[in-house]
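Observations on chain architecture
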Amino acid sequence: MTKLIYQNAFLYVAFLALSLIACGQKKENKTPQNQDSSTVTIFKTPDEWKKILNKDQFGVLRNKETEAPYTGKLLYNKEQGVYKCAGCGSELFTDEMKFDSHCGWPSFDKEIAGGKIKKVEDHSNGMNRTEIVCAKCGGHLGHLFDDGPTATGMRYCVNSLSLNFEKTEKVVQQQYDTITLGGGCYWCVEAIYEMLDGVKSVESGFSGGKVANPSYREVCMGTTGHAEVVQIVFDTKKTSLDEILKVFFTVHDPTTLNRQSADVGEQYRSVILYRNAAQQKTATDIINQLNKEKVYDQPVVTAVQPFKVFYKAEDDHQDYYNANKSNGYCKMVIQPKIEKFEKLFKDRLKKN
Ligand SMILES: [Zn+2]
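Reference entry: report on the structure contained in this document. (Residues numbered from 1 in each chain as written. Predicted model: local features only at pLDDT ≥ 70, side-chain atom pairs only at ≥ 80, totals over all residues. Heavy atoms only, no water.)

1. Some details on the coordination of the zinc ion
Each donor-metal-donor angle in an ideal tetrahedron of four donors is 109.5 degrees, and each such angle in an ideal octahedron of six donors is either 90 or 180 degrees. The test is simple: Note on donors: an N, O or S atom is included if it sits within 2.8 Å of the metal, or within 3.2 Å for Na, K and Ca, and water is never included, so sites can look incomplete. Geometry is assigned from the angles between donors: four donors with all angles from 85 to 135 degrees make a tetrahedral site, four or six donors whose opposite pairs exceed 155 degrees while the rest stay between 65 and 115 make square planar or octahedral sites respectively, and everything else is labelled irregular. Runs of H or I in DSSP of at least four residues are treated as helices and runs of E of at least two as strands, each being numbered from the N terminus. With a 1.4 Å probe rolled over the protein chains alone, any residue whose accessible area is under 20% of its type maximum counts as buried; one over 50% counts as exposed, and the rest are partly exposed.
Looking at the metal site, the zinc ion is ligated by C85 (SG), C88 (SG), C134 (SG) and C137 (SG), spaced 2.2 to 2.3 Å from it. Considering all 4 donor atoms around the zinc ion, angles at the metal cover 102 to 114° and the coordination shape is tetrahedral. Written as a sequence motif, the donor arrangement for the zinc ion is C-x2-C-x45-C-x2-C. Placement of the pair is C85 in strand β1 (residues 81-85) and C137 in the loop between β6 (129-134) and β7 (140-145), with a sequence separation of 52 residues. On the accessibility criterion, C85 (1% relative accessible area) is buried. Judged by relative accessible area, C137 falls into the buried class, the value being 0%.

2. Focus on the packing of helix α6 (residues 241-251) against helix α7 (residues 277-292)
Selection rule: Axes here refer to lines fitted to C-alpha atoms; in helices the fit is confined to the stretch in contact. Angles between the N-to-C directions go from 0 to 180 degrees. An angle counts as roughly parallel when it lies under 35 degrees, as roughly antiparallel when it exceeds 145, as roughly perpendicular when it falls between 65 and 115, and as oblique in every other case. Two helices crossing with the near one rotated counterclockwise from the far one by less than a right angle form a left-handed crossing, whereas a clockwise rotation gives a right-handed crossing. Any two residues having at least one pair of non-hydrogen atoms within 4.5 Å are treated as being in contact.
Taken N-terminus to C-terminus, the directions of α6 and α7 make an angle of 45°; their axes are 10 Å apart at the nearest point. One way to sum up the angle between α6 and α7 is to call them oblique. Crossing of α6 over α7 shows right-handed handedness. The segment α6 lies against α7, with L241, D242, L245 and F249 engaging Q279, T282, A283, I286, I287 and L290.

3. Focus on the sheet that holds strand β11 (residues 199-207)
Our working rule: Only strands that DSSP links by at least two bridges are regarded as paired with each other.
Read across the sheet, 6 strands follow the order β16-β15-β10-β12-β11-β17 without closing on themselves; strand pairing throughout is mixed. The two strands at the open ends of the sheet, each matched to only one other strand, are β16 (303-306) and β17 (310-312). Neighbour-to-neighbour, the strand axes of this sheet turn through a mean angle of 35°, independent of strand direction. Pairing between strand β10 (residues 176-183) and strand β12 (residues 227-235): 6 bridges, direction antiparallel. Across the sheet, D177 pairs through a bridge with F234, a residue of β12. Set on the sheet, helix α4 (residues 186-193) makes contact with β10, β11 and β12; between it and β11 the angle comes to about 170°. The strands touched by α6 are β10, β11, β12 and β15 (270-274); relative to β10, the strand with the most contacts, the crossing angle is about 15°.

4. Focus on the sheet that holds strand β8 (residues 155-158)
Taken together, the 6 strands give an open sheet; going across it, the order is β3-β4-β8-β7-β6-β5, and neighbouring strands pair in antiparallel fashion. At either margin of the open sheet sits one strand with a lone partner, and together these are β3 (98-99) and β5 (117-122). Two elements, β5 and β6, share 6 bridges in a ladder whose sense is antiparallel. If you follow D122 over to β6, its bridge partner there is R129.

5. Describing α7
Convention followed: Expected helix span is given by 1.5 Å per residue-to-residue step, counting one fewer step than there are residues. Regarding the arc, it is the one traced by the directions from the helix axis to the C-beta atoms. Within 3.5 Å is the distance limit for a polar contact, defined as a pair of N or O atoms, with the added protein rule that one can donate a hydrogen and the other accept it, and that residues adjacent in sequence qualify only through two side-chain atoms.
Taking 1.5 Å per residue, 16 residues should reach 22 Å; α7 reaches 22 Å between its end C-alpha atoms and fits that length. Three or more residues of α7 are buried, namely Q279, A283, I286, I287 and L290. Projected down its long axis, α7 shows its buried positions confined to an angular sector of 95°, all on one face. Summarising the geometry of α7, the exposed residues directed more than 90 degrees from the buried face are A277, A278, K281 and K292. The inward-facing, buried residues of α7 contact β10, α6, β15 and β16. Capping the start of α7, N276 holds a side-chain oxygen 3.2 Å from the backbone nitrogen of A278, two or three residues further along.

What follows is the structure, given as structure tokens:
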């Protein structure tokens, strides 16, 4: 038992020592950079390199020296951005690939794909290591080890001096987003979204057809190709497309083709009209999920299509439910849906 502990302790110390040597060994080998013509596309003489690199960068990139551990300016950098070769600007790593290895040099668990980094066997200083080199300019970057702690198992141990970091500006999340949904009679759908916290505006109208500026009467005849839709503008800080669609799939029946209860016709079809790939993905993911978990007895028939144009319906069709609460249709059809929504989303109603 005691022996085993000593053995383990010895192995640990040996490992620590090795890993320090691994990166930290200052390379005395001054052979000129082997510029392999199969990948290198930037050729410069040492004097030309000296014009664009400072002395320390030149030492590392062109003479394969190693910066002292814990001295590199990028060691603790955690900003979002891209790490580029300090010699030629080739993009090698991103912030998402960087991890804290406690070895004293910036470490990455993978590289940007595309053969931008070349691996070269390195038997210098009595060690067998894999040197990593910028494929474009032949600049020495550091070494690659297979002792990484992440899923890739790799540790790219790179000199800060070999890299330039370019910060990416954070994409400011757009505060308002817009989605257009057809879930049968728009009076119902509009009334419900008016109540959801984070919804800025809801308009009833028509979309997905072939006639410009259709009237309600024309759409009702079922010949314009349009669906009754609502156009929802929502605050992405208060709600999300995910939630908007959860409401959508709660308050209408997405399994009946061109029909919601007694309302029959193409104009009552279930449809999500997306404006970008992210919206398309969110919609498709939810539908796949609903089908997979068999939330409905029948498969979801909701169409997911690119948005083209929205025609707002006549004024007397806007906010119809609130203006006509005593109307039979409102009482019979809309009110039960609203009650269902209020029950299921009671924490998400507008507070006024
Ligand atoms: Zn380079």
